[in-house]
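# Residue-level structural notes
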Amino acid sequence: MTVSTGITLWNAGNALNNDGGEGSITLAGSFGSLSVGDVAGPLDALDGVAVATPENDLSNGQGADMALRYDLPTFVEGLTLHVGMSAENGGDAGVMSDATGFGASYSVAGFKVFAGTESAKAGVQAQANATATAAAVSGEVASDFDTTGYGVAYSMGGFTVGYNTSEKKFDVASRQDQNTELSGFSAGYAAGNFSVAINTSDKEVNNATVEETQTVGAAYNMGGGVKVYAASTSNDKGTAADENTVGISFSF
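A few points on the structure. Fair warning: this is a prediction, and the values are worked out from it, not measured in the lab.

### Digging into the overall build of the protein
Each helix and strand counted, the protein has two helices and 14 strands in total. Across the protein, contacts joining residues at least 24 apart in sequence account for 53% of those joining residues at least 6 apart.

### Looking at the pattern of salt bridges
Per the stated rule, a full pass over the model turns up one salt bridge. The salt bridge involving Asp-71 is made with Arg-69; its shortest N-O contact spans 2.9 Å. Given a relative accessible area of 12%, Asp-71 falls into the buried group. Overall, Arg-69 belongs to the buried group, its relative accessible area being 12%.

### Observations concerning the packing of aromatic side chains
The full count for this structure, using the stated rule, is three aromatic pairs. On the basis of an interplanar angle of 45 degrees and a centroid distance of 4.5 Å, the ring pair of Phe-111 and Tyr-154 is categorised as tilted. One end of the pair, Phe-111, is in strand β7 (residues 111-121); the other, Tyr-154, is in strand β8 (residues 144-156), and 43 residues separate them in sequence. Residue class for Phe-111 comes out exposed when judged on its relative accessible area of 51%. Residue class for Tyr-154 comes out partly exposed when judged on its relative accessible area of 29%. On the basis of an interplanar angle of 55 degrees and a centroid distance of 5.1 Å, the ring pair of Tyr-163 and Phe-185 is categorised as tilted. Linking Tyr-163 in strand β9 (residues 159-171) with Phe-185 in strand β10 (residues 177-191), this pair joins segments that are 22 residues apart in sequence.

What counts, and at which threshold
- Residues numbered from 1 in each chain as written.
- Predicted model: local features only at pLDDT ≥ 70, side-chain atom pairs only at ≥ 80, totals over all residues.
- Heavy atoms only, no water.
- Helix = DSSP H or I, 4+ residues; strand = E, 2+ residues; numbered from the N terminus.
- Contact = heavy atoms within 4.5 Å.
- Salt bridge = Lys/Arg side-chain N within 4 Å of Asp/Glu carboxyl O.
- Buried < 20%, exposed > 50% of the residue type's maximum accessible area, 1.4 Å probe, protein only.
- Phe/Tyr/Trp six-rings, centres within 6.5 Å; stacked < 30°, edge-to-face > 60°.

Next up, the structure:
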């Protein structure tokens, strides 16, 4: 059995990201793996690029952080299954309230396909997170979230390229429906202990493009179960502050 954890050492800009890692612990063994704390939900667990920077993921920020995620043991070669949940009151400022999610990926001969779905509510504990990620109208906090996503990736000789898309549907307090769609391309390269990736995405709100976002990340395995990573995110419209993050993870 292995135990791993990670912390964000420094975050400048938009601190409300949806990629977990703000304080969590993972137990892994023949039973699969169980992550508890502020953890990435099933959507964010489905990486389009095989790089250990939490900003490079399927949902490009639309997935919900949850209090618990269980990754099932391998029953079929190449198949990975994820289940996530949070209690009704969340329990952490970065965790969505009353959340459930499911995700799956299948890999064969360098190809990978993946898909997931999540539902969540922006409870008291997640109020700031909901306002930032759901673009609440007139200052009202969003209530119900339903997010789906899917993607494909191909890896060869240390290089990985991928395409991913996701759609979030929710109701603001005024009951006006608003849909947010993200689609993007990713590319990464890993050599020895070093890996690097870039992720670009287009964001549409009710079928109108509002911004393009780019994330560049890198990670280095220092040995002994210690890994450090850094990432930088920016968008072309300046609708959110640029975010620069440095983190570290431990496994033993």
